[in-house]
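Below, each chain spelled out in residue letters.
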Amino acid sequence: MNEMESKKQVARHHQVGLTDEKAIDMYRTMVLARKFDERVLLLQRAGKINFHVSGIGQEPAQVAAGFALDRDVDYFLPYYRDYGFVLSVGMTVRELMLSVFAKAEDPNSGGRQMPGHFGSKRLRIVTGSSPVTTQVPHAVGIALAAKMRNEAFVSLVTFGEGSSNQGDFHEGCNFAGVHKLPVIIMCENNQYAISVPIHKQLGGRIVDRAAGYGFPGFRVDGNDPLEVYRVVKEARERGLNGEGPTLIEAMMYRLSPHSTSDNDLAYRTKEEVDENREKDGIPKFKQYLLEAGIWSEQQEEQLLADIRVMLDEATTYADKAPFPTPESSLLHVYDGDAEGSN
Amino acid sequence: MPVMEYIDALRLAMKEELERDENVFILGEDVGLKGGVFTTTKGLQQQFGEHRVLDTPLAESAIAGVAIGAAMVGMKPIAEMQYSDFMFPATNQIISEAAKIRYRSNNDWNCPIVVRAPIGGGIFGGLYHSQCPESVFFGTPGLKIVAPFTPYDAKGLLKAAVRDPDPVLFFENKKCYTLITGEVPETDYIVPIGEANVLREGDDITVISYSLPLHFAMEAAAELQEEEGISAHILDLRTLQPLDKEAILEAVRRTGKVMIVHEDNKTGGIGAEVAAIIAEELLYELDAPIMRVCGPDVPAMPINPPGEKFFMLNKQKVKEAMQQLALY
């Protein structure tokens, strides 16, 4: 690569408003999410935990979206593959690991919900469930509260392209469009709803639906975190300026099976998966940082070593942490439940 | 103390809560300028503005879901379902989301919404403007369910529901709107959720009910007292979930003969649970089998007048059953 091309690339993260430090931080978070995901898969295969649902291949877009938001004021409504997203808005791998092991100290649900069902009031990560897309109207309701109270924040909600067919997606979009609410509605289009490929789910393009609800929609390459960052950041500004919602369709590929209970080669070929692995945004972003001269193989090695330590510590901690007491299953049905009152 | 209709008591409760707390708002179909199809919210948008009495798109899952989102960040939404028959599109939001938010987040988040929905028939509403859907939601832990009968309770329970930190389904009876009048203080008071109320003291038979059928039971009780000297004890459940077990047991102990009355169909209704509670706790104190007088097990009531009349309870049906129980 000649010097001119290199300088042009260097400018890219600056152009979208990222400092060198932030760009590197984004990369670190993506790698952390990837390594966390791989570790949890191993834990499941080793019989240490029961279940894992993976986000591998989706981290660049997830992390970029998280970085484009304001961690101090915005509300986050992730879906179940969003490890990268929740890590980028403040959750720690220890907290995620506590959830994976279903331990009492898990801040997401106190060991009640499946992993991937995030929630933390402190971090403004809104508690989620398993029936898909119910979180879209919630994000709209939170944005409605922002508008009613005249407060400057946005909500960002994610979901898969399969989920985008649920009524709650459409009802939520329409409500947000009518009231011009500061909500960012981001589809992580990973091409598969468990085993059903995109051409059997969608007659058109998700992004085009935005027009029907009266607000802008953007399709973006989810493997390009700088582009995702730019689009989400602009959507946030529109929201804060009273210009209403934005629909984002981030294109990506689910490199893992749907979950640890799924054999994906029953419905797709290894060749197809390998072809998409070539498009993986993480090594590409690493290459970008290397070429920009702000990252080195030495730093990469250090990062991987640090993450290994972090994951080891988190795994040991979560493994040793106590389960909730059986009787605590009776608590928190209603406000003020006293132990044993049920 | 002013005497007012049930519907006016509901409107007064909302007006007072909107005045009291700026986080309270109403959302639903036609709740704005029109004031709702029954005029329950009439005048409120004019007083409080479009943002606090919000006309929504015609989409019930969004009405519930948006309310849930707003509630999770500190708002106190009152979501109106135009008819309880149209709540079913919002059922996933109510059962999978609202009911479980506190539990699934281990008490981190909560969801203080009120879902108001008119129940009941007798207005020639046919299958889909007449249903009593309480049993669909009853038995879902995490939800509170109230169904007032008197205007006093309508106001007090609605205000309690708005202030409750958990989701409350508020089933108001559309036939009661203008049929039932009563004294309603203009002062700020609440009726606590979870407490039943004795409407009439008596020693021969106990009638346990809620909502409109209490009107029939009260009239029947007065006639039976006068005509045959039968003394009926009548308990208004007021809150369906959680049931006031102590009040139920006390009311049954009073007479040893109990009848449960509701318009919702018999199988799997609230009456089944009330009967089970009585059977578990007081079986050997009963002097007669537990009796249930309910809507028939058909999908919903027909619109043709004889069919609707056949489905609906009335004073005569309830009176005959009460007589039968007294004579057992």
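Here the residue numbers are simple positions, counted from 1 along each chain's written sequence. Just so you know, chain letters begin at A and ligand numbers begin at 1, following the order they were written in. In keeping with the model being predicted, local features are shown solely for residues with a pLDDT of at least 70 and side-chain atom pairs are shown and tallied solely at 80 or more, while totals for entire chains, interfaces and linings include all residues. Only hydrogens and water are removed before side-chain values are computed, so all heavy atoms of the structure are retained for them.

Chain B has the name Transketolase central region in an unreviewed UniProt entry, where Paenibacillus curdlanolyticus YK9 is given as its organism. The record in UniProt for chain B states the following under Cofactor (unreviewed entry): "thiamine diphosphate". UniProt positions are given in the numbering used here, feature names are shortened, and annotations may be inferred rather than shown by experiment.

Going by an unreviewed UniProt entry, chain A carries the name 2-oxoisovalerate dehydrogenase subunit alpha and comes from Paenibacillus curdlanolyticus YK9. You can read under Sequence similarities (unreviewed entry) in the UniProt record for chain A the words "Belongs to the BCKDHA family." UniProt lists a comment for chain A under the heading Cofactor (unreviewed entry), and it reads "thiamine diphosphate".

Visitor: Mind laying out the overall build of chain A, listing which residues take part and the relevant values?
Guide: Secondary structure elements follow DSSP: runs of H or I no shorter than four residues count as helices, runs of E no shorter than two count as strands, and numbering proceeds from the N terminus. From N to C terminus, chain A includes 12 helices and seven strands. Atoms counted for the radius of gyration: C-alpha only. Globule rule: 2.2 Å times residue count to the power 0.38. In summary, chain A has a C-alpha radius of gyration of 20 Å against a globular reference of 20 Å for 342 residues, a match within 12%. Taking the principal axes of the C-alpha coordinates as reference, chain A spans close to 70 × 50 × 40 Å. For chain A, the proportion of its 342 residues judged to be buried stands at 58%. By definition in these notes, contact holds between two residues if any of their heavy atoms fall within 4.5 Å. Partitioning the contacts of chain A with sequence separation of at least 6, the portion at a separation of at least 24 is 73%. Under the convention used here, a 1.4 Å probe and the Shrake-Rupley method define accessible areas, while residue burial counts only the protein chains that appear. Surface summary for chain A: the accessible area is close to 14,200 Å², and the carbon and sulfur share equals 50%. Per-residue accessibility, obtained with a 1.4 Å probe over protein chains only, is compared with the maximum for each type, and a residue is labelled buried under 20%, exposed over 50%, and partly exposed between these values.

Visitor: Requested: an account of the overall build of chain B, with residues and values cited.
Guide: Of regular secondary structure, chain B possesses 13 helices and 14 strands. Computed over C-alpha atoms, the radius of gyration of chain B comes to 19 Å, within 12% of the 20 Å expected from 2.2 N^0.38 for 328 residues, which places it in the range of a compact globule. By its C-alpha atoms, chain B is 55 × 45 × 40 Å across when sized along the principal axes. For chain B, the residues scored as buried account for 64% of the 328 residues in total. Across chain B, the fraction of contacts at a sequence separation of at least 24, relative to all contacts at a separation of at least 6, is 82%.

Visitor: Please give an account of unusual backbone geometry that cites residues and values.
Guide: Cis rather than trans, the peptide bond between Q241 of chain B and P242 of chain B has omega equal to 0 degrees. Within the chain, T133 of chain A stands out as a residue other than glycine whose phi angle is a positive 80 degrees. Relative to the helices and strands, T133 of chain A resides in the loop between helix 5 (93–100) and helix 6 (135–148). T133 of chain A sits in the buried class, given a relative accessible area of 0%. Look at T39 of chain B: it is not a glycine, yet its phi comes out positive at around 70 degrees. Mapping T39 of chain B onto the fold places it in the loop between strand 2 (24–28) and helix 2 (44–48).

Visitor: How would you summarise helix 2 (residues 20–45) of chain A if you had to cite specific residues and measurements?
Guide: The end-to-end C-alpha separation of helix 2 of chain A is 38 Å, in line with the 38 Å expected for 26 residues at 1.5 Å each. Phi turns positive one or two residues past the end of helix 2 of chain A, at G47 of chain A, with a value near 80 degrees. Expected helix span is given by 1.5 Å per residue-to-residue step, counting one fewer step than there are residues.

Visitor: Requested: an account of the side chain of N189 of chain A, with residues and values cited.
Guide: Residue and element names in this part refer to chain A. Assignment of secondary structure puts N189 in strand 3 (residues 183–189). Owing to a relative accessible area of 0%, N189 belongs among the buried residues under this scheme. For this analysis, a polar contact is any N or O atom pair within 3.5 Å, provided that within protein one partner can donate a hydrogen and the other can accept it, and provided that sequence-adjacent residues contribute only side-chain to side-chain pairs. Within polar-contact distance, the side chain of N189 engages the backbone nitrogen of Q191 at 3.1 Å. In this structure, N189 is in contact with E161, I198, I206, E249, A250, M251 and M252, ignoring residues within four places of it in sequence.

Visitor: Give a detailed account of the UniProt feature "domain: Transketolase-like pyrimidine-binding" (unreviewed entry) in chain B, specifying residues and quantitative values.
Guide: Residues given the UniProt feature "domain: Transketolase-like pyrimidine-binding" (unreviewed entry) here are residues 4–179 of chain B. In residues 4–179 of chain B, the share of helix is 37% and the share of strand is 17%. The end C-alpha atoms are 10 Å apart.

Visitor: Account for the packing of helix 10 (residues 245–255) of chain B against helix 11 (residues 270–282) of chain B, naming residues and giving values.
Guide: Residues and elements named next belong to chain B. Helix 11 packs onto helix 10 with a crossing angle of 70 degrees between their chain directions and a minimal axis gap of 10 Å. By the angle between their axes, helix 10 is roughly perpendicular relative to helix 11. Handedness of the helix 10/helix 11 crossing: right-handed. Facing K245, I248, L249, V252 and R253 of helix 10, the residues of helix 11 in contact are V274, I277, I278, E281 and L282. Axis definition: a line fitted to C-alpha atoms, limited for helices to the stretch in contact. Angles are taken between N-to-C directions and run from 0 to 180 degrees. Roughly parallel covers angles under 35 degrees, roughly antiparallel covers those over 145, roughly perpendicular covers 65 to 115, and oblique covers all other angles. Each helix crossing is assigned a hand: it is left-handed if the near helix lies turned anticlockwise from the far helix by less than a right angle, otherwise right-handed if that turn is clockwise.

Visitor: Tell me about the UniProt feature "domain: Dehydrogenase E1 component" (unreviewed entry) in chain A, and name the residues and values.
Guide: Residues given the UniProt feature "domain: Dehydrogenase E1 component" (unreviewed entry) here are residues 27–327 of chain A. The straight-line gap between the two end C-alpha atoms of residues 27–327 of chain A is 42 Å; of that span, 45% is helix and 10% is strand.

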